[in-house]
Amino acid sequence: MTTRLEPKGKLGATPVGVVNGPEDVLDWHAVDWRACEDRVRRLRQRIFTASQAGDHKRVRNLQKLMLRSRSNTLLSVRRVTEINAGRLTAGVDGRTVLHSQDKAALADGIHRRLRPWQARPVKRVYIPKADGRRRPLGIPVLVDRVLQARVAAALEPEWEARFEPRSYGFRPGRSCQDAIQAIFNTVKGKNPARRWVLDADLKAAFDRIDHHHLLTQLGGFPAREQVKDWLSAGVVEQGRFTPTEEGTPQGGVVSPLLLNVALHGMEHAAGVRYRTIGSDGAASVPDSPVLIRYADDFVAMCRTKDEAMQVKARLAAWLTPRGLAFNEDKTRVVDLDEGYDFLGFTVRRHHGLLLIKPSKTAIRRIRKRLRTEVRALRGSNAAAVIARLNPIIRGWAAYYRTVVSSEIFNSLDHYLWKLVYKWARHTHPNKPTSWVIARYFGMFNKSRRDRWVFGDRDSGAYLQKFAWTRIVRHQMVPGTASPDDSALTDYWTSRRRRPTLQPPVDRTTQRLLDSQQGRCTYCGQLLLHADRPPQTPREWEQWYSGLRKAMDHNTISLRQDNTPHDPQLRLLHTHCHRRNTGKTAGQPTARQRATGLA
């Protein structure tokens, strides 16, 4: 359900926006998003540089400039209303924004606001967890989400210059794969020095962060009072209001950054010490433990069991004033030969060889997901099955392609083949087996000599296989490297082009990515940010679902005799495709689904 904005005079109401001056009317479709992105990036780099130099006065002045930046406001509105997965989820006011004129009005109202905005309570919703329990989320209203995105752009580069080297969760340029590669680099070899591991988990970290400590960490940040307002805004669950005296809502745009700020200093508290080696600057001294953290999940690798227990005791004392504590049910000290699970991976030494594989829990989860989806698609046609399953397959394979996954990929392909075969037999119960096989299986993928590929004869679309994703070794972000560091601009530019960091796609898609330099032909922004990589299999799945192949009629060029070329096949974001075609919703055609990327 799409609701209109508030009447004129309230925040986000006026349908008139500004591009170059007060007399201009904002045309959402005419905004130069690449220019906006460049302005915000340059300002972030200036904040980072000032923070790195310890010039706090300049940091605050630049943060105030960021909070007033129109480009920052426009990008924040676009992020919340077009890009984020929860863009269609309303807060307690029931408001969502889908139409371009409403987005322009929202951006204009926020940018022109004269009075401070009073934060609204978050809406409590629950999502199921893998262990059967439910995870509570707090959904802010739309305006709060946009304001939080603006604040995060001002606060994040300051802390990027201060965060510890082996903190990987919810940070630009870093991902789960960096954390896993850091573990591999620490304990690889036949006789690793650090064989004992504190496998730790914090108990309801988002819900228990101490407000006073967090606000003290923020110091003189210009939007500190606004952050305080969000922290104490309260929760509405089933129509009942409950005040919040601790925690930050898991679901808020700025919440992951606030969690990282609250947990800053954990490596120092654990006794981690570094020595400078080359440009990395993140090599631990030999007698120091190594702590690798991803949000509220972390592991500390130690030389002895006693050292691991000492690290746990030190961290327990350090967490207490922050309102946090260990989840004792999920925290344990283990030997590397016993193994442990971290971020969906299993890390274990087997016969003296370190192996990192997808965890058994992750495998059970993807098998259950595939089984549920295929059963739900009974009654649909083959094109619908392919369109629904391909992003799931690609997303899961992309997440696990950096570890020992070949055997598991093959077993999942066998399991999926049985699922789609049963689907085909259920769809045609009165047809013989030979007819079913001839209709739905064949050499649909011309680049592979495999006649058992499930496909749709009408459109030529076919189901991807896990094993088609090549296993590659992830190239870890070195030391404290950040995309906000202007001295590393060339590094991040070249990193985007590294084949091992490119998303696994078919040849046609890769050719289009190369010819378009990885950018959307409509808005000019990157289709996949190396400094904002997907963090989970679901995020990879959403990225594949959000990549659209379409005939771009806006990029027609002329031949030498002034006759137009035919429209070319281009890659663009799904939200840009919707805007380009004037659609706010709709299903892709069978032809657009041909590679499973629609």
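- The name recorded for the protein chain in an unreviewed UniProt entry is RNA-directed DNA polymerase, from Micromonospora narathiwatensis.

Quick notes on the overall build of the protein chain
1) Next: Within the protein chain, the secondary structure is distributed over 20 helices and 17 strands.
2) Next: Burial statistics for the protein chain: of 598 residues in total, 54% are counted as buried.
3) Next: About 28200 Å² of surface is accessible on the protein chain, with carbon and sulfur atoms providing 49% of the total.

Concerning unusual backbone geometry
1) Next: A positive phi angle, close to 55°, is found at Gln238, a residue other than glycine.
2) Next: Residue placement: Gln238 occurs in the loop between strand E4 (235–237) and strand E5 (240–242).
3) Next: Judged by its relative accessible area of 78%, Gln238 falls in the exposed class.
4) Next: Within the chain, Ala295 stands out as a residue other than glycine whose phi angle is a positive 55°.
5) Next: In this structure, Ala295 sits in the loop between strand E8 (290–294) and strand E9 (297–302).
6) Next: Residue Ala295 is classed as buried on the basis of its relative accessible area, which comes to 4%.

Details of the layout of surface pockets
1) Next: In this structure, the second largest pocket occupies an estimated 640 Å³ of space.
2) Next: Lining the second largest pocket are 22 residues, and of these Arg448, Trp468, Val505, Asp506 and Arg507 lie nearest its centre.
3) Next: Elements with a contribution of two residues or more to the lining of the second largest pocket: helix H14 (382–400) and helix H18 (507–515).
4) Next: Its residues assigned to classes, the lining of the second largest pocket comprises eight nonpolar, seven polar and seven charged.

A word on the side chain of Lys103
1) Next: Checked against the element boundaries, Lys103 lands in helix H4 (residues 100–112).
2) Next: Residues contacting Lys103, with those up to four places away along its chain left out, are Trp28, Val77, Thr81, Glu82, Val97 and Leu98.

Topic: the packing of aromatic side chains
Aromatic rings considered in pairs are described by the distance between their centres and by the relative angle of their planes.
1) Next: Counted by the stated rule, this structure contains 21 aromatic pairs.
2) Next: Measuring from centroid to centroid gives 5.7 Å for Phe441 and Phe454, while their planes differ by 70°, and the two rings are edge-to-face. Taken as a pair, Phe441 in strand E14 (residues 441–442) and Phe454 in strand E15 (residues 453–454) lie far apart in primary sequence, 13 residues in all.
3) Next: For Phe454, a relative accessible area of 3% puts it in the buried group.

Focus on the sheet that holds strand E2 (residues 134–139)
1) Next: The sheet built from four strands is open, its strands ordered E2-E1-E4-E5 with mixed pairing. The open sheet has two free edges, formed respectively by E2 and E5, since each of these has just one partner strand. Strand-to-strand, the axes of this sheet are offset by a mean angle of 40°, without reference to chain direction.
2) Next: Here six bridges tie strand E1 (residues 122–128) to E2, and the two strands are oriented antiparallel to one another. Directly across from Tyr126, in E2, lies its bridge partner Pro136.

Section: helix H3 (residues 70–83)
1) Next: Relative to the 20 Å expected for 14 residues at 1.5 Å per residue, H3 spans 19 Å between its end C-alpha atoms, a close match to the ideal helical length.
2) Next: The element H3 is largely enclosed, with a buried count of 12 among its 14 residues.
3) Next: Within the sequence span of H3, burial applies to Arg70, Ser71, Asn72, Thr73, Leu74, Leu75, Ser76, Val77, Arg78, Val80, Thr81 and Glu82.
4) Next: You can read the cap of H3 off the contacts: a side-chain oxygen lies 3.3 Å from the backbone nitrogen of Ser71, and it is on Ser69.

Here's the deal with the sheet that holds strand E12 (residues 345–350)
1) Next: Pairing within the open sheet is antiparallel, and its three strands lie in the order E11-E12-E13. The open sheet has two edge strands, strand E11 (340–342) and strand E13 (353–358), and neither has a second partner. Strand-to-strand twist of the sheet, defined as the mean angle between neighbouring strand axes without regard to direction, takes the value 30°.
2) Next: The pairing of E12 with E13 spans six bridges and is antiparallel. Its bridge partner being in E13, Phe345 is matched across the sheet by Pro358.

Cut-offs and rules
Residues numbered from 1 in each chain as written. Predicted model: local features only at pLDDT ≥ 70, side-chain atom pairs only at ≥ 80, totals over all residues. Heavy atoms only, no water. Helix = DSSP H or I, 4+ residues; strand = E, 2+ residues; numbered from the N terminus. Buried < 20%, exposed > 50% of the residue type's maximum accessible area, 1.4 Å probe, protein only. Areas by Shrake-Rupley, 256 points an atom, 1.4 Å probe, with all protein chains shown as cover. 1 Å grid on protein atoms, 1.4 Å probe; cavity = no way out; pocket = protein on both sides within 12 Å on 5 of 7 lines; lining within 4 Å. Points joined across faces, edges and corners; volume = space filled by probe spheres on them. Nonpolar A, V, L, I, M, F, W, Y, C, P; charged D, E, K, R; others polar. Contact = heavy atoms within 4.5 Å. Phe/Tyr/Trp six-rings, centres within 6.5 Å; stacked < 30°, edge-to-face > 60°. Pairing = 2+ DSSP bridges. Axes fitted to C-alpha atoms, helices over the stretch in contact; angles between N-to-C directions. Expected span 1.5 Å × (residues − 1). Polar contact = N/O pair within 3.5 Å; in protein donor to acceptor, adjacent residues only side chain to side chain.

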